Structures are given as structure tokens and as C-alpha cells.
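Reading the structure
Listed here are the chains, written in short residue letters.
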Amino acid sequence: MSTDRIEKEVLLKAPLDRVWRAISNSEEFGRWFGVRFDGPFIAGESVNGVMTPTEVDDDVAAMQEPYAGEADAWHIVAVEPPHRLAFRWHPYAVEPGSREPAAPTTLVEFTLAEADGGVLLRIVESGFDAVPAARRRSAFEANSQGWAHQAEMVRKYLALGESV
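Taken from UniProt, the Sequence similarities (unreviewed entry) comment for the chain reads in full: "Belongs to the AHA1 family."

Structure below.
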């Protein structure tokens, strides 16, 4: 098992264009992920994200509440419609010193592929080997659990339809 990368997959029962919008539109992304962004996702640009409770699940929203207001910059690496969104961020950025400008970032990639019954979303976060040893394990474990939750959040968000 690699300690440098996290990989999660979820089959989403929605059309490709709908799933793409849910991950590539910063406002929609923020609804299920639990972040309010100050701008759109544009390759080569950075956006600031402030943690907010997710709109999708009250239990998860309550778990996120202690982190509400925490902010971090996300550098958008790629926006390749309708199959790939990639960004760099500070992993598990709630730990002291994790958001310093010189702190290492990880690469998060969302890729979409049409599959029987919907769209396969693959989430890969890589680059943990560059995180300082003192926080590498906690960042890896927290983000691994976090991506499992987020895969479920996007599934729930899409199941709610356009009403959210």
C-alpha cells in the first residue's frame, strides 16, 4: 500500500455533463464539499476556500463545524472538460504550520469516465512523501478518511438533483 497517494472511486448515477458541473463549478463543488470559494476554478489561477458546513448531509456538516472559517488557497492545475479537474492544496490544512507558503502541497485529481450505470469518479491525491515526517501520517490518514466521506457527499449531492 502506497503512503504517497490516496485513491478513491465512486460510481455516480448521473450523466457525465451533470457530474462534470458538480466537480468543476466552484460554487457547486463547495456545496457538497463544504467550502466557499472566492472565484471560479480556472487552470493556472488560485482560489481561496473557506470551510463551511456541507449542504448535503447534516451529520457531516456537524463534523465540519469546528473547522468552519478555516481558509486555504487552492491552486488550480487543470480544468479539462469533461474529464479532469486537478488542484494543489495543503493536505490536512488544519494543523499548525500546514498553510505556510513554503509548506509542501499535494496534487488532487478528479477524473471522470463513463461507465455502465453512470459515471466513475476517481479521486487521487498524491505527494504525501514530500510532507514533513512530523505531520505526514496524520495528513495522509485524515485525507484518506476525508476523501471517502467526500465521495459519498458528491453522490448524495447528485442524488438530490437540481434542488440543492
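Resuming the write-up.
A count of helices and strands for the chain gives 4 helices and 7 strands. Reading the helices (α) and strands (β) of the chain from amino to carboxyl end gives β-α-α-β-β-α-β-β-β-β-α. Residues counted as buried form 45% of the 164 residues belonging to the chain. Put simply, of all contacts in the chain between residues at least 6 apart along the chain, 57% involve residues at least 24 apart.

Bringing the packing of aromatic side chains into the picture now. A full pass over the atoms with the stated rule returns 21 aromatic pairs. With a centroid separation of 6.4 Å and 70 degrees between ring planes, the pair formed by Trp-32 and Phe-110 is classed as edge-to-face. Of the two residues, Trp-32 sits in helix 2 (residues 26–33) while Phe-110 sits in strand 6 (residues 106–115), which places them 78 residues apart along the sequence. Relative to Trp-89, the ring of Phe-33 has its centre 6.1 Å away and its plane inclined at 55 degrees; by these criteria the two rings are tilted. Separated by 56 residues along the polypeptide, Phe-33 in helix 2 and Trp-89 in strand 5 (residues 84–89) bring together distant segments of the chain. Given the relative accessible area of 6%, Phe-33 is considered buried.

Mapped onto the elements of the fold, Arg-135 is located in helix 4 (residues 133–159). The class for Arg-135 is buried, based on a relative accessible area of 12%.

In total, this model carries 10 salt bridges according to the counting rule given. Across the pair Arg-5 and Glu-7 runs a salt bridge whose closest N-O atoms are separated by 2.8 Å. Among the ionic pairs, Glu-27 bridges to Arg-31, the shortest N-O distance being 2.8 Å. With Glu-27 and Arg-31 both in helix 2, this residue pair falls 4 residues apart, about one helical turn. Sharing partners across several salt bridges, the network here consists of Arg-5, Glu-7, Glu-9 and Arg-122.

Attention now goes to helix 1 (residues 16–24). For helix 1, the tally of buried residues reaches 7 of 9 residues, placing the bulk of the element in the interior. Among the residues of helix 1, those classed as buried are Leu-16, Arg-18, Val-19, Trp-20, Ala-22, Ile-23 and Ser-24.

Here we come to helix 4. In an α-helix, one full turn covers 3.6 residues, which means residues spaced three or four apart are oriented alike. Compared with the 39 Å implied by 1.5 Å per residue over 27 residues, the 39 Å span of helix 4 between its first and last C-alpha is a close match. Regarding helix 4, the residues found buried are Arg-135, Ala-139, Phe-140, Asn-143, Ser-144, Trp-147, Gln-150, Ala-151, Met-153, Val-154, Tyr-157 and Leu-158. Positioned one or two residues after helix 4, Gly-161 has a phi angle of 75 degrees, which is positive.

Quick notes on the rules
- Residues numbered from 1 in each chain as written.
- Predicted model: local features only at pLDDT ≥ 70, side-chain atom pairs only at ≥ 80, totals over all residues.
- Heavy atoms only, no water.
- UniProt positions renumbered as here; feature names shortened; annotations may be inferred.
- Helix = DSSP H or I, 4+ residues; strand = E, 2+ residues; numbered from the N terminus.
- Buried < 20%, exposed > 50% of the residue type's maximum accessible area, 1.4 Å probe, protein only.
- Contact = heavy atoms within 4.5 Å.
- Phe/Tyr/Trp six-rings, centres within 6.5 Å; stacked < 30°, edge-to-face > 60°.
- Salt bridge = Lys/Arg side-chain N within 4 Å of Asp/Glu carboxyl O.
- Expected span 1.5 Å × (residues − 1).

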